[in-house]
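What follows is the residue order along each chain.
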Amino acid sequence: MTTSIQIQLSDHAASPAERAARMTNPGFGRIFTDHMVVVPYHEGQGWGPGVLKAYGPLAMDPAASVLHYGQAIFEGFKAFKQQDGSVACFRPDANARRFNVSARRLAMPDLPEELFLAAAQALITQDQAWVPGAVGESLYMRPLMIGTEAALGVKPSNEYLFILLASPSGAYFPAGVKPVTVWISEDYVRAAPGGTGFAKCAGNYAASLVAQHQAKGEGCDQVVWLDAIHREYIEEMGGMNLFFVYQENGETVVVTPELTGSLLPGITRDSLLTLAREQGFRAEERRISVSEWRSAIAEGRMTEAFACGTAAVITPVGEVKSARGGWTIHGGQTGPVAAKLRQILLDLQHGLAPDTHGWMKKIVG
Ligand SMILES: *Cc1c(COP(=O)(O)O)cnc(C)c1O
């Protein structure tokens with residue numbers, strides 16, 4: 001195994017003017033930098049050699065196992081321009097570790113964490129001109145692993161590709177943070193005990209799209225998932241974790257559903273638990289039911305709810321709808337706890353506040 005990445009630069013890298021044009025209003029996940037990293041795996045030989053090369057289509061055998069049986073996992077983390085012009089990633093080591101948790105669940109090979117980080121280092125260094133500078137903007141990094149063996153027998157592939165893409169991303173909410181309306185899904189579940197809920201695998205997303213579509217049809221932005229057994233305990237919102245804010249005897253308490261195996265253990269979720277405690281809030285991981293959500297709002301004990309994840313950071317939930325009625329949260333507006341935690345996290349990521357946890361990994365500069 002080698003963690004070195006060969007460099008084969010693109011013959012058609014964008015000119016500065018073309019790059020600037022493409023980076024105007026980049027949105028999320030729509031434009032990509034000049035290069036990508038590709039590392040093959042062969043059973044018996046392991047990983048390598050890795051190449052950084054021109055961004056472009058992959059040639060794949062139509063019998064490649066990923067196309068039939070879905071061995072596909074991914075990650076998402078961000079690189080941020082710092083005040084001194086350097087570039088740093090937020091907790092990429094945590095993403096590297098989670099990538100391997102996902103890989104094991106899908107019977108895929110571990111990718112050495114050093115290789116994951118070396119790929120990020122190589123790509124961000126080469127394409128650093130694509131890192132946007134404004135607060136809220138970032139270079140979104142998308143690692144993925146797919147099974148590529150051309151064989152239709154149902155078994156783990158003996159060949160894989162690790163691929164790393166980079167996508168300049170604008171502020172997720174260019175017009176300011178806007179609370180979302182959510183639909184509590186009672187017809188579909190995202191993940192069940194013993195399933196793949198804790199893994200960041202493509203299939204979880206494929207299975208979620210019809211519920212997301214239903215939520216849209218109900219006039220909602222996002223779907224809220226319940227546990228598969230009782231259909232009562234809240235798990236996640238779309239591809240984000242959830243937090244609930246209570247005021248109890250003058251104390252602010254933030255509650256997030258505990259990790260049961262069917263929830264994705266978000267790195268933003270984990271970071272916010274730490275940051276919330278540092279703000280003097282009590283932070284709890286426990287089960288919370290739909291009926292608790294409804295009654296805590298009705299009784300005024302719960303004052304806010306918000307979702308969190310790498311892409312959108314923090315998204316307040318302003319309104320909840322379900323087949324059994326709905327309710328409004330904080331008058332449909334962003335609450336102070338969500339706003340505060342969001343600001344703290346963004347300041348840290350952009351180097352505007354000291355990184356007391358060692359979460360920022362300097363890549364360039
Ligand atoms: C990626 C993801 C999250 C958020 O994880 P972060 O590490 O905070 O980005 C939450 N839920 C699901 C289903 C996800 O795929």
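Nothing here was measured: the structure is a model prediction, and the numbers come from that model.

With respect to the helices, strands and loops of the structure, Ala202 is situated in helix α5 (residues 202-217). The sequence separation of Ala202 and Ala14 amounts to 188 residues, and the corresponding C-alpha distance is 30 Å.

Moving on to the nonpolar core. Judged by nonpolar contacts, the single largest core of 39 residues is most densely connected at Trp47, Ile124, Met145 and Phe162. Of all the elements in the fold, those that place two or more residues in this core are β2 (35-42), β6 (77-81), β7 (87-90), α3 (92-105), α4 (113-126), β8 (138-147), β9 (159-169) and β19 (360-364). In terms of residue count, α4 provides more of this core than any other element does, 7 residues in total. When near neighbours in sequence (up to four residues on either side) are disregarded, Met145 contacts Trp47, Gln71, Ala72, Ile73, Phe99, Ala103, Met108, Pro109, Leu111, Tyr160, Leu161 and Phe162. Judged by nonpolar contacts, the second largest core, of 27 residues, contains Ile184, Met237, Val253 and Ile329.

With that settled, consider the site of the ligand. Taken together, 14 residues are adjacent to the ligand, and Lys200, Tyr205, Glu236, Thr268 and Thr310 come closest. Between a nitrogen atom of the ligand and a side-chain N or O atom of Glu236, the distance comes to 2.5 Å. Take Gly239: an N or O atom from its main chain is 3.3 Å from a nitrogen atom of the ligand. Alone, the ligand offers 380 Å² of accessible surface; in the complex the protein occludes 96% of this.

So, about the pattern of salt bridges. With the rule as written, the count across this model stands at 14 salt bridges. One network of salt bridges, in which partners are shared, links Glu248, Glu251, Arg282, Glu284, Arg286 and Glu292.

Next up on the list: a nonpolar patch on the surface. The grouping of Leu58, Met60 and Leu67 at the surface amounts to a nonpolar patch, some 250 Å² of accessible area in total. Inspection of the secondary structure puts Met60 in the loop between β4 (50-54) and α2 (65-69).

So, on to empty space enclosed by the protein. Taken as a whole and assessed by the stated rule, the structure comprises 3 cavities of 30 Å³ or more. Computed from the structure, the largest cavity encloses a volume of approximately 100 Å³. Contributing to the lining of the largest cavity are 13 residues, with Lys78, Phe90, Thr268, Thr310 and Gln349 lying nearest its centre. Contributing elements (two or more residues each) for the lining of the largest cavity: β6, α6 (267-278) and α8 (336-349).

The next subject is the environment of Ile363. Secondary-structure assignment places Ile363 in strand β19. We classify Ile363 as buried; its relative accessible area is 14%. Discounting residues that sit within four places of it in the chain, Ile363 has contacts with Val87, Ala88, Cys89, Ala120, Gln121, Ile124 and Thr125.

One pass over the structure, following the stated rule, counts 13 aromatic pairs. Members of the aromatic cluster, each reached through a chain of ring pairs, are Phe77, Phe99, Phe116 and Phe162. Sitting over the ring of Tyr233, Arg287 keeps its end group 4.0 Å from the ring centre.

Here Arg19 lies in helix α1 (residues 16-22). Asp34 provides the closest opposite charge to the buried, unpaired Arg19, separated from it by 5.2 Å. Residues contacting Arg19, with those up to four places away along its chain left out, are Ala14, Ala129 and Trp130.

Within β8, 9 of the 10 residues are buried, leaving the element largely enclosed by the surrounding structure. Here strand β5 (residues 72-74) pairs with β8 via 3 bridges, running antiparallel. From the neighbouring strand, Ala72 faces β8, where its bridge partner is Ile146. Pairing between β6 and β8: 3 bridges, direction antiparallel. Across the sheet, Ala79 pairs through a bridge with Leu139, a residue of β8. Pairing of β8 with β9, which is carried by 10 bridges, proceeds in the antiparallel orientation. Counted as the bridge partner of Ser138 is Ser169 from β9.

This brings us to the domain arrangement of the protein chain. It is common to give the size of an interface as the accessible area that goes away when the parts come together. Annotation of the protein chain at the domain level lists domain 1 (5-169) and domain 2 (180-349). With 20 residues of domain 1 at the contact, the number on the domain 2 side is 21 residues. For the pairing of domain 1 and domain 2, the buried interface totals around 1800 Å² over both sides, and the portion due to carbon and sulfur atoms is 64%. Remark: the boundary between domain 1 and domain 2 carries 1 salt bridge.

Put simply, Gly48 and Pro49 share a cis peptide bond, and its omega is -5°. By the element assignment, Pro49 lies in the loop between β3 (46-47) and β4. The phi angle at Arg91 is positive, at roughly 50°, despite the residue not being glycine. Tracing the chain through its elements places Arg91 in the loop between β7 and α3. The exposure class of Arg91 is buried, given its relative accessible area of 12%.

Reading the values: rules and limits
Residues numbered from 1 in each chain as written. Predicted model: local features only at pLDDT ≥ 70, side-chain atom pairs only at ≥ 80, totals over all residues. Heavy atoms only, no water. Helix = DSSP H or I, 4+ residues; strand = E, 2+ residues; numbered from the N terminus. Core = buried A, V, L, I, M, F, W, Y, C linked by side-chain atoms within 4.5 Å. Buried < 20%, exposed > 50% of the residue type's maximum accessible area, 1.4 Å probe, protein only. Contact = heavy atoms within 4.5 Å. Near = heavy atom within 4 Å. Polar contact = N/O pair within 3.5 Å; in protein donor to acceptor, adjacent residues only side chain to side chain. Areas by Shrake-Rupley, 256 points an atom, 1.4 Å probe, with all protein chains shown as cover. Salt bridge = Lys/Arg side-chain N within 4 Å of Asp/Glu carboxyl O. Patch = residues over 30% accessible without salt bridge, like charges linked within 9 Å, V, L, I, M, F, W, Y side chains within 5 Å. 1 Å grid on protein atoms, 1.4 Å probe; cavity = no way out; pocket = protein on both sides within 12 Å on 5 of 7 lines; lining within 4 Å. Points joined across faces, edges and corners; volume = space filled by probe spheres on them. Phe/Tyr/Trp six-rings, centres within 6.5 Å; stacked < 30°, edge-to-face > 60°. Lys NZ or Arg CZ within 6 Å of the ring centre and 35° of its normal. Lys, Arg positive; Asp, Glu negative; His and termini not counted. Pairing = 2+ DSSP bridges. Domains from an automatic or database assignment. Buried area = accessible area lost by both parts, 1.4 Å probe.

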